[in-house]
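# Structure at a glance
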Amino acid sequence: DQQVKQNSPSLSVQEGRISILNCDYTNSMFDYFLWYKKYPAEGPTFLISISSIKDKNEDGRFTVFLNKSAKHLSLHIVPSQPGDSAVYFCAASEEGAQKLVFGQGTRLTINP
Amino acid sequence: KAGVTQTPRYLIKTRGQQVTLSCSPISGHRSVSWYQQTPGQGLQFLFEYFSETQRNKGNFPGRFSGRQFSNSRSEMNVSTLELGDSALYLCASSLVLAGGNHEQFFGPGTRLTVL
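Okay, so let's go over this structure. Remember, predicted model here, so these are calculated numbers, not experimental data. (Residues numbered from 1 in each chain as written. Chains lettered and ligands numbered in written order. Predicted model: local features only at pLDDT ≥ 70, side-chain atom pairs only at ≥ 80, totals over all residues. Heavy atoms only, no water.)

### With respect to the packing of aromatic side chains
As a reminder, the rule being used: When two rings of Phe, Tyr or Trp (its six-membered ring) have centres within 6.5 Å they constitute a pair, described as stacked for plane angles under 30 degrees, edge-to-face for angles over 60, and tilted for the intermediate range. By definition, any uninterrupted DSSP run of H or I lasting at least four residues is a helix, any uninterrupted run of E lasting at least two residues is a strand, and each is numbered from the N terminus. Exposed residues in this analysis have more than 50% of their type's maximum accessible area, buried residues have under 20%, and partly exposed residues fall in between, with area computed by a 1.4 Å probe over protein chains only.
Taken as a whole and assessed by the stated rule, the structure comprises 13 aromatic pairs over all chains. Pairing A:Phe102 with B:Tyr35 gives two aromatic rings, centres 5.6 Å apart and planes at 90°, and the pair type is edge-to-face. Of this pair, A:Phe102 sits in strand E10 (residues 101-102) while B:Tyr35 sits in strand E4 (residues 31-38), each in a different chain. Neither A:Phe102 nor B:Tyr35 differs from the other in exposure class; each is buried. For the ring pair A:Phe102 and B:Phe106, a centre distance of 6.1 Å and an interplane angle of 70° mean the geometry is edge-to-face. A residue pair is termed interchain when its members come from two chains, as with A:Phe102 in strand E10 and B:Phe106 in strand E10 (residues 105-106). For the residue pair A:Phe102 and B:Phe106, the accessibility class agrees, reading buried in each case. Taken together through their ring pairs, the aromatic side chains of A:Tyr36, A:Phe46, A:Phe89, A:Phe102, B:Tyr35, B:Phe45, B:Phe105 and B:Phe106 make up a single cluster.

Set out below in structure tokens:
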């Protein structure tokens, strides 16, 4: 029973263009969502988060959109840079809980 | 401010042995969570400690246990190791205030190989 799903295992984007990573969830109790970036053999690096009371949050080149009715969130990276090449995980948690449920990840490759 | 540190970074054990992994959270963070990452199962939550008490637990057998000390440092222990326990074990800390949600910051992980 996978409560958080990232249906695209990989994504390839040209440098300078927009990268859009998608994530779906099934548990309606989730109210906090996060995106992490991960390199092999390293811990995930926090990128951006969004609470269920918002539908958009921006931080520099990163924007997260949340559609609660569709139980869908997306991460937009613009413009994409070669250093953005990594595996991206979305994660979700219930209110006040520190238990994160992760998706399976999407490998993003930025081509020069 | 120093990040989350984990020791050791790499560990090789044989089946049946036990192992203890250590995690030091970011200064001031009182919540420490542990996760297991494997190619097949992805990132899975093990347990969370706050003020020396286990608050949440994932779906792992009793061979996996942990504790937290008064300085918020945490250890996790795996007894009677199995081949399937080979994984990257990640520790994350969070600044938990009354109510609300807070991001977790991860350490570099401990790569455990069971032979």
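What follows picks up the thread again.
### A closer look at the pattern of salt bridges
All names here are of chain B. Note the threshold: Salt bridges are defined as contacts in which a side-chain nitrogen from Lys or Arg sits within 4 Å of a carboxyl oxygen from Asp or Glu.
As enumerated under the stated definition, the model contains seven salt bridges over all chains in all. Two residues, Arg55 and Glu48, come together in a salt bridge whose shortest N-O distance is 2.8 Å. The residue Arg67 makes a salt bridge to Glu75 at a minimum N-O spacing of 3.2 Å. It is possible to trace a salt-bridge network through shared partners that takes in Arg63, Glu82 and Asp85.

### A closer look at the sheet that holds strand E3 (residues 19-24) of chain B
The strands that make up a sheet pair up through hydrogen bonds in the backbone, lying either parallel or antiparallel. All names here are of chain B. Note the threshold: At least two bridges found by DSSP between two strands is the condition for calling them paired. Working convention: axes come from line fits to C-alpha atoms, limited for helices to the stretch in contact. Angles between N-to-C directions cover 0 to 180 degrees.
In spatial order, the strands read E1-E3-E8-E7; together these four strands make up an open sheet with antiparallel pairing. The open sheet terminates on both sides in strands that have one partner only, identified here as strand E1 (5-7) and strand E7 (64-68). Mean inter-strand twist for the sheet, computed between neighbouring axes without regard to direction, equals 20°. Bridge count for E3 against strand E8 (residues 74-78) is five bridges, and the pairing is antiparallel. The residue of E8 that forms the bridge with Cys23 is Ser74.

### Some details on the interface of chain B and chain A
Heads up, the condition is: Only heavy atoms enter the contact rule, under which two residues are in contact if any of them lie within 4.5 Å. Buried area counts how much accessible surface, traced with a 1.4 Å probe, disappears from two parts once they are put together, with both parts' losses summed. As used in this structure description, the phrase polar contact means that two N or O atoms lie within 3.5 Å; if the pair is within protein, one of them must be able to donate a hydrogen and the other to accept it, and residues adjacent in sequence are counted only when both atoms belong to side chains. In the scheme used here, Gly and all other residues not listed as nonpolar or charged are polar, with Ala, Val, Leu, Ile, Met, Phe, Trp, Tyr, Cys and Pro taken as nonpolar and Asp, Glu, Lys and Arg as charged.
The partner chain A presents 21 residues to the 26 residues of chain B that form the contact. Counting each side, the surface lost to burial between chain B and chain A is near 1800 Å², with a carbon and sulfur contribution of 54%. Connecting chain B to chain A are zero salt bridges. Remark: the boundary between chain B and chain A carries seven residue pairs in polar contact (both at pLDDT 80 or more). Elements with a contribution of two residues or more to the side of chain B that touches chain A: E4, strand E5 (42-50), strand E6 (53-57), strand E9 (87-94) and E10 of chain B. For the side of chain B that touches chain A, a count of residues per class yields nine nonpolar, 13 polar and four charged.

### Focus on the layout of surface pockets
To be explicit about the condition: Computed over the protein atoms alone on a 1 Å grid, cavities are sets of points where a 1.4 Å probe fits but cannot get out and pockets are open sets with protein on both sides within 12 Å along at least five of seven lines; a residue lines them when it has an atom within 4 Å of a point. Grid points are joined across faces, edges and corners, and a volume is the space filled by probe spheres set on the points.
For the largest pocket, the calculated volume is near 450 Å³. Taken together, 17 residues form the lining of the largest pocket, with A:Asp1, A:Gln3, A:Val101, B:Leu43 and B:Gln44 sitting closest to its centre. Those elements that place two or more of their residues in the lining of the largest pocket are E10 of chain A together with E5 of chain B. For the lining of the largest pocket, the leading source of residues is E5(B), giving three residues.

### Some points on the nonpolar core
This is how the line gets drawn: Residue types Ala, Val, Leu, Ile, Met, Phe, Trp, Tyr and Cys, when buried and joined through side-chain atoms within 4.5 Å, form a set referred to as a nonpolar core.
Core analysis: the largest hydrophobic core is formed by 24 residues, its most contacted members being A:Val4, A:Phe33, A:Trp35, A:Leu73, A:Leu75 and A:Tyr88. Every element with two or more residues in this core is listed here: strand E3 (19-25), strand E4 (30-38), strand E5 (45-51), strand E7 (62-67), strand E8 (72-77), strand E9 (86-94) and strand E11 (106-111) of chain A. Sorting elements by how many residues they give to this core places E9(A) first, with four residues. B:Phe60, B:Met76, B:Ala87 and B:Tyr89 belong to the second largest nonpolar core, which has 21 residues in total.

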